[in-house]
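# Per-entry structural report
Here are the chains, one letter per residue:
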Amino acid sequence: MVQGLVRLTLLAVLLAGCAMQPVQEESQQPVTAAQQLQGSPALSLYDHARQARSQGNNSAAERYLERALTMAPDSSWLYRELADLRLSEGDPHGAEGFALRALRLAPDNDAFRAGLWELVATARSRQGDEQGARAARDNAERLRQPASA
């Protein structure tokens, strides 16, 4: 009788294992500022910042972004936008700092993270840190490589 129960238990475990489907990687969804800031008043400030920047008013854009960060302090998009703004203003050190903070907060999206590493690489290169820039570009390239099975 005990042998029968052991066989039945083993059969149940075996069948349960066969019923499991292999884990498949979810395709990464594109990440946008609108998705990340959805429902937050920070989205409107982000939009105002982009508009101000397109009109050449970088100081207003920076003020909008800083206000938006008070509402959404964990937004990688806001830090990314500030990094890009600082880079365009000739402040590669500030740009690198904001880009690295954006990376710490970035969602699990390889394309987004690769773009941030490229921003870091550009900032480091403009500071004369070619070795650091190369390392950042390597990180970006690794993220762009298809996942090996």
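Residues numbered from 1 in each chain as written. Predicted model: local features only at pLDDT ≥ 70, side-chain atom pairs only at ≥ 80, totals over all residues. Heavy atoms only, no water.

### Comments concerning the nonpolar core
Stated precisely, the cut-off is as follows: Buried residues of nine kinds, namely Ala, Val, Leu, Ile, Met, Phe, Trp, Tyr and Cys, make up a nonpolar core once their side-chain atoms join them within 4.5 Å. Each residue is assigned to one of three classes by its accessible area relative to the maximum for its type, calculated with a 1.4 Å probe on protein chains only: buried under 20%, partly exposed between the two thresholds, exposed over 50%. Helix and strand assignments come from DSSP, with helices taken as H or I runs of at least 4 residues and strands as E runs of at least 2, each series counted from the N terminus. Working rule for contacts: check all heavy atoms of both residues, and any pair within 4.5 Å makes them a contact.
Counting 38 residues, the largest nonpolar core has Tyr46, Leu65 and Leu78 as the members making the most contacts within it. It is helix 7 (residues 110-126) that contributes the most residues to this core, eight residues altogether. Not counting residues up to four positions away in its chain, the partners in contact with Leu65 are Tyr46, Ala49, Leu78, Glu81, Leu82 and Leu85.

### Re the environment of Ala83
Checked against the element boundaries, Ala83 lands in helix 5 (residues 76-88). Ala83 sits eleven residues away from Gly94 along the chain, and the two C-alpha atoms are 6.9 Å apart. Setting aside residues up to four positions removed in sequence, Ala83 forms contacts with Ala95, Phe98, Ala99 and Leu119.

### Brief notes about the packing of aromatic side chains
Defined as follows: Paired rings are identified among Phe, Tyr and Trp, the last through its six-membered ring, by centres lying within 6.5 Å, and are further divided according to the angle between planes into stacked (under 30 degrees), edge-to-face (over 60) and tilted (the rest).
Applying the stated criterion to the full structure yields two aromatic pairs. With a centroid separation of 5.0 Å and an interplanar angle of 35°, the aromatic rings of Trp77 and Phe112 are classed as tilted. One end of the pair, Trp77, is in helix 5; the other, Phe112, is in helix 7, and 35 residues separate them in sequence. Considered together, Trp77 and Phe112 belong to a single accessibility category, that of buried residues.

### Describing the packing of helix 4 (residues 58-71) against helix 5
Selection criterion: Helix axes are fitted to C-alpha atoms over the stretch in contact, other axes to C-alpha atoms as well, and angles between N-to-C directions run from 0 to 180 degrees. When an angle is under 35 degrees it counts as roughly parallel; over 145 it counts as roughly antiparallel; between 65 and 115 it counts as roughly perpendicular; any other value is oblique. Should the near helix be turned counterclockwise from the far one by less than a right angle, the crossing is left-handed, whereas a clockwise turn marks it as right-handed. In this classification, Asp, Glu, Lys and Arg are treated as charged, Ala, Val, Leu, Ile, Met, Phe, Trp, Tyr, Cys and Pro as nonpolar, and every other residue, Gly included, as polar.
The N-to-C vectors of helix 4 and helix 5 enclose an angle of 155°; their axes lie 10 Å apart at closest approach. Our classification of the angle between helix 4 and helix 5 gives roughly antiparallel. Between helix 4 and helix 5 the crossing geometry is left-handed. Note on element contacts: helix 5 touches helix 4 through Leu78, Tyr79, Glu81, Leu82, Leu85, Arg86 and Ser88, opposite Asn58, Ala61, Glu62, Leu65, Glu66, Ala68 and Leu69. By residue class, the composition of the contact of helix 4 with helix 5 is eight nonpolar, two polar and four charged.

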